[in-house]
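In case you want the letters, here they are:
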Amino acid sequence: MPQYITDIDVSVNEAEQHQLRKHGFTQVHVNLNPEGKGNMIYLWYKTSDCPAITRIQFSFTDKMKEGLVTEGYHKVDKNLNTGNSGSPIYLWFYKGSSQYDVPIVELDLSTDAEADATKVQPLWERLPCDLNRRAGGNWIYLWVKRETQTYICDINATLNSSSDANLFRQGYIRMDEDTNRDAGGAYVFLWYRQTTDSQKAIKDLQVSTDQESKESYDNQNYEKVEINLNEATLGTPVYLYYKKNECSKDPIKMITLILDPTAVLPYINAGVEVVEKNLNEGNSGFREYLCFN
């Protein structure tokens with residue numbers, strides 16, 4: 001029988017490590033609080049042939065939790081930044097059975113730009129929430145491997161949490177990093193939905209940061225996501241465009257965000273398409289780039 005990830009937990013001290021090991025959990029051997037900044041924190045998981053975890057989300061604000069609670073996501077009630085001054089990050093998971101849910105079979109963590117880029121392989125996808133968010137030190141990202149190859153078939157964006165529950169219900173995965181991070185505007189999140197049918201996949205993604213590029217993508221029959229990714233900042237309006245009927249391009253398997261400037265070149269060298277247009281164009285927020293494989 002296939003073995004799926006069926007449970008996830010977190011330890012924030014040695015006593016919890018002992019208990020989780022005693023109950024059959026496997027440890028991911030990466031301390032989420034490196035360099036002695038807070039508790040020794042580890043991610044743990046169980047595998048079995050029971051119903052699989054199909055979606056993993058993170059929250060670092062109270063508003064991010066609302067849709068997850070409404071839709072019955074399970075919260076691992078351990079702050080991944082326990083003992084330091086970083087964002088209070090919580091992991092949530094869901095066992096779905098819709099056409100957009102594909103079992104997760106393996107977990108891994110990357111802790112530097114080179115390791116991050118080398119994980120870009122078939123079946124794997126990178127969740128864009130830095131698990132060391134605002135704590136200083138390494139950028140740490142969770143990677144999930146699925147049972148079969150998935151492709152990005154739909155993409156969306158939100159300005160607030162009011163439609164989160166509805167999007168979760170429709171099978172969307174939220175990209176848990178604000179495209180307006182530190183820019184002083186609205187919380188803006190990108191969302192995507194997956195399929196196992198490559199014929200339904202998005203083939204290309206582009207970003208407009210000025211009127212000229214906006215008109216160019218409009219004229220090339222790209223579809224626009226109707227949310228300004230720079231909403232309520234003093235920056236340039238930024239829009240995401242996508243196209244499905246692009247015969248010269250392969251179906252997109254993974255999308256994620258890069259905030260670590262040292263990761264851009266390793267990603268490009270790994271064959272990842274980095275859209276080198278800052279999602280925080282014209283403001284003082286983080287330089288953020290969308291990338292896809």
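Residues numbered from 1 in each chain as written. Predicted model: local features only at pLDDT ≥ 70, side-chain atom pairs only at ≥ 80, totals over all residues. Heavy atoms only, no water.

Looking at an unreviewed UniProt entry, one finds the protein named MABP domain-containing protein, with Ameca splendens as its source organism.

Look at the UniProt record and you will see "domain: MABP" (unreviewed entry) annotated at residues 1-97 and 101-246. Across residues 101-246 one finds 14% helix and 31% strand; the C-alpha atoms that close the span lie 25 Å apart. (UniProt positions renumbered as here; feature names shortened; annotations may be inferred. Helix = DSSP H or I, 4+ residues; strand = E, 2+ residues; numbered from the N terminus.)

Where like charges cluster on the molecular surface, the negative patch consists of Asp210, Glu212, Glu215 and Glu281. Along the chain, the position of Glu215 falls in helix 5 (residues 211-219). (Patch = residues over 30% accessible without salt bridge, like charges linked within 9 Å, V, L, I, M, F, W, Y side chains within 5 Å. Areas by Shrake-Rupley, 256 points an atom, 1.4 Å probe, with all protein chains shown as cover. Salt bridge = Lys/Arg side-chain N within 4 Å of Asp/Glu carboxyl O. Lys, Arg positive; Asp, Glu negative; His and termini not counted. Charge placed at Lys NZ, Arg CZ, Asp CG, Glu CD.)

Unlike most non-glycine residues, Asp182 shows phi in positive territory, near 65°. Backbone geometry places Asn221, a non-glycine residue, at a positive phi of 65°. Of note, Asn221 is situated in the loop between helix 5 and strand 14 (223-224).

Capping the start of helix 1 (residues 14-22) is the job of one residue whose side-chain oxygen sits 3.2 Å from the backbone nitrogen of Ala15: Asn13. Just past helix 1, the residue Gly24 takes up positive phi, approximately 85°. (Polar contact = N/O pair within 3.5 Å; in protein donor to acceptor, adjacent residues only side chain to side chain.)

This part takes up the pairing of strand 12 (residues 189-195). On a regular strand, each side chain points to the face opposite its neighbour's, so the side chains alternate between the two faces of the sheet. For strand 12, the tally of buried residues reaches seven of seven residues, placing the bulk of the element in the interior. Of the two faces of strand 12, both are covered, the one formed by Phe189, Trp191, Arg193 and Thr195 as well as the one formed by Leu190, Tyr192 and Gln194. Where strand 10 (residues 151-158) and strand 12 come together, seven bridges link them in antiparallel fashion. The residue of strand 12 that forms the bridge with Tyr151 is Thr195. Here strand 11 (residues 173-174) runs beside strand 12; their pairing, made up of two bridges, is antiparallel. Its bridge partner lying in strand 12, Arg174 is registered against Trp191. (Buried < 20%, exposed > 50% of the residue type's maximum accessible area, 1.4 Å probe, protein only. Pairing = 2+ DSSP bridges.)

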